[in-house]
Amino acid sequence: LDPDRRRRLRINGRVIAVPAKSAKQTRDASLAGKSKTDRADAKHICTALSRGTYVRFPDLQSPIAELKVLVMAHHRLTVERARLKNRLKGMLDLVWPEGPMLANLDKATLPAVLGRWPLPQDLLAVSPRTVVDFVKHISQGHHKGPWVRTLLRSARETVGLTNAPTERRLELTQLLERQGLL
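Just so we're clear, the structure is a prediction, and the values are computed from it rather than from any experiment. (Residues numbered from 1 in each chain as written. Predicted model: local features only at pLDDT ≥ 70, side-chain atom pairs only at ≥ 80, totals over all residues. Heavy atoms only, no water.)

K.L.:
Explain helix α8 (residues 165–181) residue by residue, including any values.
P.N.:
Three- or four-residue spacings in an α-helix give side chains the same orientation, since the helix completes a turn every 3.6 residues. Here α8 is 17 residues long and its end C-alpha atoms lie 24 Å apart, about the 24 Å a rise of 1.5 Å per residue gives. Residues of α8 that are buried include every one of Arg 168, Leu 172, Leu 175, Leu 176 and Gln 179, and no others. The arc that holds every buried residue of α8, seen down its axis, measures 100°, which confines them to one face. Exposed and facing more than 90 degrees away from the buried side of α8 are Thr 166, Glu 167, Glu 177, Gly 180 and Leu 181. Buried-residue contacts for α8 involve α3 (63–95) and α4 (109–116). (Helix = DSSP H or I, 4+ residues; strand = E, 2+ residues; numbered from the N terminus. Expected span 1.5 Å × (residues − 1). Buried < 20%, exposed > 50% of the residue type's maximum accessible area, 1.4 Å probe, protein only. Arc of directions from axis to C-beta. Contact = heavy atoms within 4.5 Å.)

K.L.:
An account of the packing of helix α6 (residues 128–138) against helix α7 (residues 145–157) is requested, with residue identities and associated values reported.
P.N.:
Running from N to C, α6 and α7 point in directions that differ by 125°, and their axes come no closer than 10 Å. One element, α6, and the other, α7, form an angle in the oblique class. The chirality of how α6 crosses α7 is right-handed. Contacts from Pro 128, Val 131, Val 132 and Val 135 of α6 reach α7 at Trp 147, Val 148 and Leu 152. (Axes fitted to C-alpha atoms, helices over the stretch in contact; angles between N-to-C directions. Parallel < 35°, antiparallel > 145°, perpendicular 65-115°, else oblique. Left-handed = near helix turned anticlockwise from the far one by under 90°.)

K.L.:
Account for the environment of Ser 127, naming residues and giving values.
P.N.:
Note that Ser 127 resides in the loop between α5 (120–124) and α6. A residue is classified by how much of its surface remains accessible, and Ser 127, at 35% relative accessible area, is partly exposed.

K.L.:
Summarise the side chain of Asp 122; cite the residues concerned and give the values.
P.N.:
For Asp 122, the location among the structural elements is in helix α5. For Asp 122, a relative accessible area of 15% puts it in the buried group. Excluding residues within four positions of it along the chain, Asp 122 makes contact with Trp 117 and Arg 169.

K.L.:
Please set out the side chain of Ser 154 residue by residue, giving values where relevant.
P.N.:
Structurally, Ser 154 is set in helix α7. Accessibility expressed as a relative area gives 10% for Ser 154, which makes it buried. There is a polar contact of 2.8 Å between the side chain of Ser 154 and the side chain of Trp 96. For Ser 154, the contacting residues outside a window of four places in its chain are Trp 96, Glu 98, Gly 99 and Leu 102. (Polar contact = N/O pair within 3.5 Å; in protein donor to acceptor, adjacent residues only side chain to side chain.)

K.L.:
Any details on the packing of α3 against α8? Residues and values, ideally.
P.N.:
Look at α3 against α8: their axes get within 10 Å of each other, and the N-to-C directions meet at 155°. Accordingly, the angle class assigned to the pair α3 and α8 is roughly antiparallel. The way α3 lies across α8 gives a crossing that is left-handed. Together, Glu 80, Leu 84, Arg 87, Leu 88, Met 91, Leu 92, Leu 94 and Val 95 of α3 and Arg 168, Glu 171, Leu 172, Leu 175, Leu 176, Arg 178 and Gln 179 of α8 make up the contact between the two elements.

Here it is in C-alpha cells:
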C-alpha cells in the first residue's frame, strides 16, 4: 500500500490501516484553517481509531497482493491502449478521415488493412482483387466485395492530407504495431 494513501499503525503487535479518507475527514473537521502538522495528524488518526474506522492491514503475501499487482497492470495497459487508440484515430483523421468510419479499429480487419496499406494511396496502388482476397482472408468472410469497393471508393475520394507520405506511413505503422502488442 502506498504510504501516502493510508496511515499504518501498530497496536498490540497488530498492524492496522486507517483509510486516508477517514483520516482526512477527521482532520478537516477539526483543523478549520489551522496548519497541518504530524502532531495534528496523530491526533486525528487516534480519533479515527477511537471511532473504529480502521481496517486490518492486508497480508502482502496473500493472493490479494498478487491480484492487486495484476489489477494495476491491467489498468495501466488499458489506459495506454486508450491513449494509443486516440493517437491512431487522430493520425487517421489527418490522412484518411473516412477510413475508420467503415470498420471498428478494435476488430481485426481495418488494422490489418492499414498495416499492409497504411495510406489511401497505398491501397489504390494495388489491384482491387488483391485487396478483396486479403480482406476476405483477414475478416474470415465477414467483409466481402461490397465492403472493399466502399473502402476503395473512400480511399479514392478522401479529403485527407497527402503531404509527407513517408513519415505518416511510418507513424501509422508504428502505432498499429504498438496496438498489436497491447
